[in-house]
Amino acid sequence: MTSMVFAILFYLATLLFVVGLLYRINSYARTPAPLKIPTTPAPTTNGGVVLRMTREVVFFESLFKANLWTWAAGWLFHASLLLVLLRHLRYFTEPVWGWVAFIQPFGMYAGITMLLGLGGLWLRRLFVERIRYISTPSDHLMLLLLMGIAASGLSMKFLAHTDVIAVKEFFLGLMHLNIQALPADLLLIVHLSLVVSLLVVFPFSKLLHAPGVFFSPTRNQKDDPREHRHLSTWAAKLESEKS
Amino acid sequence: MADITAPAYRTIPIIPALKPGSMEGKGPFVASDKLNEALGFPGQLVEDWHDRAIAKMGDLLSKYRSLKVFMDACVHCGACSDKCHYFIGTQDPKNMPVARQDLLRSVYRRYFTLPGKLFPKLVGARDLTREVLDEWYNYFNQCSECRRCSVFCPYGIDTAEITMAAREILDTVGYGQKYSNEIIGKVHKIGNNLGLPGPALRDTLEGLEEDVKDATGIDVRFPMDVKGAEVLLVTPSADFFAEPHIDSLIGYAKVFHATGTSWTLSSMSSEAGNFGMFIGNYDQLRTIAMRIRQAALELGVKRIVVGECGHAWRVAYSFWNTLTGVGDGADPNDRFAQMLQKQLDHRYKQPAHICEFTWDMIQDERLTFDKTANDKYIITFHDSCNVARGSRMGDLPGGQFEIPRNIIKAVANNFVEMAPNTTREQTFCCGGGGGLLTDDLLDLRVKGALPRMEVLQQTVDEHGVNFMATICAICKAQFTKVMPIYGFDRKMVGGVHQLVSNAIQLGQK
């Protein structure tokens, strides 16, 4: 019964996640950027823009300039999350890819540093007056959700082991439309429920910052307005109407 | 007005504590029916303002990717929260860039997102009420669109884009700001922001020729409406009569004279500033810019050069090619842009900043200077926000920082920098940009100048600085007004070309 419920939940949540995200990305891509507004000094070539975006996405360059504490906690969380996600590939591949096997131990500790990073961000939200002022209930809940995922995952590793072989069979089965039994451990149920919630919330929330950053005109535009005429479709129509 | 005093300097870099509500109020003077209607906006707040505002927001969300992405992407990380000069000076939390954005974002969430429709409290979504509309009017007129916050945002969210959208919505429902809309009306009617008619302008220029002749013994011309001149100079109209602006205008004229460049001003298009950007209205932005295209075509000039003006240079550098075709690289089938681009001389950047022009001439050794003429000054340079973060000069990123400094060093011996986290792309706005340079906002302007005044005081104490050069008409006007309130001499501020004017040798070459 639990297996069936979670199978359905995962299918629906994944569908919502993928469709929702594609819908948002498509709407960003289709909305014109009528004016050149890169925040200067900006790169003047496409290669330069790729470099700028890479520095932004990999190292959080702007945040680094803004505030070292937020940067440290934020970067620690994101980098750890990446490792943790990659580590989880082992539940979806058979045989497990070599590099995924290699990062297992790092991924495990990354769960702890992820929790530390999130904790740091939450402490800022709770105790720094300015950040507390701008926080909405959903900002706190989002952090709690992620901390819940990390904590429940870590508990299964360090406190009460779950049958990971069975978990893996469940997910491999899920990928082949062949539902297998899921261990009925409380921690696992909590962990998976929170992950499902995250998938559902993602396309409707501030988590859209992840795709959004790639569409940010102040970061992804080349600084060449004098060399090339940049004209959006709706702005071009103003010209044909007149001269 | 007499009770406006300067806030105390902070022990740098302490982040100020919040003083909620400290800048609550009715905002700057509201535009009258006449001013609004002249721009095609409703005369006063319309009955159905709520529905029209939401509809306009939807319209802007479909037209501007910046707005659409910026409404979604903010995670409330607070990176920007201590970066705004108005927040630092006023301590009002709603002047934190993220909080200012949220005034609009909360309404976006309520009407355009599922969680905001279902659980408004949870995600900080709000109905658009009259109180919210008034709050928009007040706080979106406390942003100078200087983009400092956008430098620090991990997603590049630029509050200027959001302020522009908010002001555009306010204008659409008949809730425009007097200062900006009045000025835009003057540009349409008379050709410049100050409403100087052609004959008055001609008188002023003749007077200037006499003044320069008296001072130097040389006939430096200030030509107007000369067909076939090589260069059309478009400069902020404050340059024609305001102090210290006029000294830079004399500087440009001397550079043109000394290099034997034929140039002209245009009576029809005697304004570089473009307040259409301040109110975020593309039609106004375009219409105002079109005057320059028209003047260039009528006068048949080969080059278009822009005087010392911050927002004007952003519009010229970043937007003119888009709006009017002043630039290069138009598609061969783009007849609108080709018409002008065929006329312009593409060995030079189009448009060019006067600093680019002067620096090129210095490098070509076509100008000579007596640097000792500026020896009475110990000079520092204030990067104007829109030049620094919205434009460029020269061929390399950051040319807008190097070229003005290079010019200063070429014409003067004593130059020192202000604190590095307050210059270049991290520069602070003067406190008067973006349509706020009006006396009904003087309290805000004084407070907004605080971070710049602090570091200026530092350089005065440490290096004896007695001249702050800048290349923006608004910076010059704002600083001459607020610096005395901080205890500085108003004559401490001036243009880069004022220094050029002091040192340039007109007799030789």
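What you see is a predicted model; the values in this text were computed from it and never measured.

Attention now goes to the UniProt feature "domain: NarG-like" (unreviewed entry) in chain A. The feature "domain: NarG-like" (unreviewed entry), as annotated in UniProt, sits at residues 73-210 of chain A in this numbering. The span residues 73-210 of chain A is 75% helix and 0% strand, and its two end C-alpha atoms sit 17 Å from each other.

In this chain, Glu94 of chain A is followed by Pro95 of chain A through a cis amide linkage whose omega measures -5 degrees. Here Pro95 of chain A shows up in the loop between α4 (68-87) and α5 (98-127). Cis peptide bonds are those with omega within 30 degrees of zero, and the linkage from Gln350 of chain B to Pro351 of chain B qualifies with -10 degrees. Within the secondary structure, Pro351 of chain B sits in the loop between α16 (335-341) and β4 (352-353).

Mean pLDDT over chain B works out to 96, with 99% of the residues at or above the 70 mark. Prediction confidence for the complex, expressed as pTM and ipTM, is 0.96 and 0.96 respectively.

All names here are of chain B. Alternating residues of strand β6 (residues 467-470) divide into Phe467 and Ala469 and Met468 and Thr470, and every residue in both groups is buried. Bridging between strand β5 (residues 379-381) and β6 involves three bridges; their strand directions are parallel. Bridge pairing links Ile379 to Phe467 in β6. Both β6 and strand β7 (residues 493-495) contribute to a ladder of three bridges, which runs parallel. Counted as the bridge partner of Met468 is Val493 from β7.

The feature "transmembrane region" (unreviewed entry), as annotated in UniProt, sits at residues 6-25, 68-86, 106-128, 140-160 and 180-202 of chain A in this numbering. Secondary structure across residues 6-25 of chain A comprises 100% helix and 0% strand; the distance between its end C-alpha atoms is 28 Å.

Now for the packing of helix α19 (residues 399-411) of chain B against helix α23 (residues 496-503) of chain B. All names here are of chain B. The N-to-C vectors of α19 and α23 enclose an angle of 25 degrees; their axes lie 9 Å apart at closest approach. The angle between α19 and α23 falls in the class roughly parallel. In this structure, α19 meets α23 at a crossing whose hand is left-handed. Across the interface between the two elements, Pro404, Ile407, Ile408 and Val411 from α19 touch Val496, Leu499, Val500 and Ala503 from α23. In the contact of α19 with α23, the residues fall into eight nonpolar, no polar and no charged.

Here we come to the domain arrangement of chain B. All names here are of chain B. If you check the domain split of chain B, you get domain 1 (33-182), domain 2 (190-355) and domain 3 (368-505). Spacing between the C-alpha centres of domain 1 and domain 2 amounts to 33 Å. Tallying the contact residues gives 14 residues for domain 1 and 10 residues for domain 2. A buried area of about 1,000 Å², summed over both sides, lies between domain 1 and domain 2, and 47% of it is on carbon and sulfur atoms. Across the contact surface, domain 1 and domain 2 share zero salt bridges. Seen at the junction of domain 1 and domain 2, the total is four residue pairs in polar contact (both at pLDDT 80 or more). Mapped by element, the contributors of at least two residues to the side of domain 1 that touches domain 2 are α10 (159-172) and α11 (178-190). When residues of the side of domain 1 that touches domain 2 are assigned to their parent elements, the largest contribution, five residues, is made by α10. Taken together, the residues of the side of domain 1 that touches domain 2 break down into five nonpolar, three polar and six charged.

Side chains of Leu16, Leu141, Leu144, Val200, Val201 and Phe204 of chain A together with Leu114, Leu118, Phe119 and Leu122 of chain B sit close together on the surface and give an oily, nonpolar patch of about 790 Å² of accessible area. Counting only elements with at least two residues in the nonpolar patch, the list comes to α7 (137-158) and α9 (186-201) of chain A together with α6 (114-118) of chain B. Turning to its location among the elements, Val200 of chain A is positioned in helix α9. Val200 of chain A gets classed as partly exposed once you look at its relative accessible area, which sits at 30%.

Turning to the environment of Pro183 of chain A, a few remarks are in order. All names here are of chain A. With respect to the element layout, Pro183 can be found in the loop between α8 (164-175) and α9. Residue Pro183 is classed as buried on the basis of its relative accessible area of 13%. Taking the C-alpha atoms as reference points, Pro183 and Thr162, 21 residues apart in sequence, are found 7.3 Å from one another. Look past the residues within four positions of Pro183 in its chain and what remains in contact with it is Thr162, Asp163, Ala166, Val167, Leu188 and Ile189.

Moving on: the interface of chain A and chain B. In this complex, chain A contributes 60 residues to the contact, which on the side of chain B involves 87 residues. Among the residues chain A hides against chain B, the three largest losses belong to Arg130, Arg226 and Arg229 of chain A. Together they make up 16% of the total. Scanning the region where chain A abuts chain B turns up five salt bridges. The residue Arg226 of chain A makes a salt bridge to Glu356 of chain B at a minimum N-O spacing of 2.8 Å. In this assembly, chain A and chain B are joined by 43 residue pairs in polar contact (both at pLDDT 80 or more). For the side of chain A that touches chain B, the elements supplying multiple residues, two or more each, are α1 (2-30), α3 (61-66), α6 (129-134), α7, α10 (209-212), α11 (217-220) and α12 (233-241) of chain A. Counting residues per element, the side of chain A that touches chain B draws most heavily on α6 of chain A, at five residues. Residues that form the side of chain A that touches chain B fall into these classes: 27 nonpolar, 17 polar and 16 charged.

Cut-off values and rules
- Within every chain, residues take consecutive numbers counted from 1 along the sequence as written.
- Numbering of ligands from 1 and lettering of chains from A proceed in the order in which they are written.
- Selection of residues for local features in this predicted model requires a pLDDT of at least 70, selection of side-chain atom pairs for listing and counting requires 80 or more, and totals for whole chains, interfaces and linings are taken over all residues.
- Calculated side-chain values reflect all of the structure's heavy atoms, with hydrogen atoms and water omitted.
- UniProt positions are given in the numbering used here, feature names are shortened, and annotations may be inferred rather than shown by experiment.
- Only DSSP runs of H or I reaching four residues or more are called helices, and only runs of E reaching two or more are called strands; each is numbered from the N terminus.
- Confidence scores per residue from the predictor, reported as pLDDT, run from 0 to 100.
- Think of it in three bands: with a 1.4 Å probe and only protein chains considered, a residue is buried below 20% of the maximum accessible area for its type, exposed above 50%, and partly exposed in between.
- The pairing criterion for strands is at least two bridges between them, as found by DSSP.
- Helix axes are fitted to C-alpha atoms over the stretch in contact, other axes to C-alpha atoms as well, and angles between N-to-C directions run from 0 to 180 degrees.
- Orientation labels follow simple angle bins: below 35 degrees gives roughly parallel, above 145 gives roughly antiparallel, 65 to 115 gives roughly perpendicular, and whatever is left gives oblique.
- If you view the pair so one helix is near and one far, a crossing is left-handed when the near helix is turned anticlockwise from the far one by less than a right angle, and right-handed when it is turned clockwise.
- Contacts: residue pairs with any heavy atoms within 4.5 Å of one another.
- Residue classes follow a fixed rule: Ala, Val, Leu, Ile, Met, Phe, Trp, Tyr, Cys and Pro count as nonpolar, while Asp, Glu, Lys and Arg count as charged, and any other residue, Gly among them, counts as polar.
- Note that domain bounds follow an automatic or database assignment of domains.
- Once two parts are joined, some of their accessible surface, as seen by a 1.4 Å probe, is lost; buried area is that loss totalled over both.
- For this analysis, a salt bridge means a side-chain nitrogen from Lys or Arg found within 4 Å of a carboxyl oxygen belonging to Asp or Glu.
- Between N or O atoms, a polar contact is any pair within 3.5 Å; within protein, one atom must be a potential hydrogen donor and the other a potential acceptor, and residues adjacent in sequence are included only when both atoms are from side chains.
- Residues form patches when they are more than 30% accessible in relative terms and have no salt bridge. Like charges link within 9 Å. Nonpolar side chains (Val, Leu, Ile, Met, Phe, Trp, Tyr) link within 5 Å.
- Calculation of accessible area relied on Shrake-Rupley with a 1.4 Å probe; when residues are assessed, cover is drawn exclusively from the protein chains displayed.

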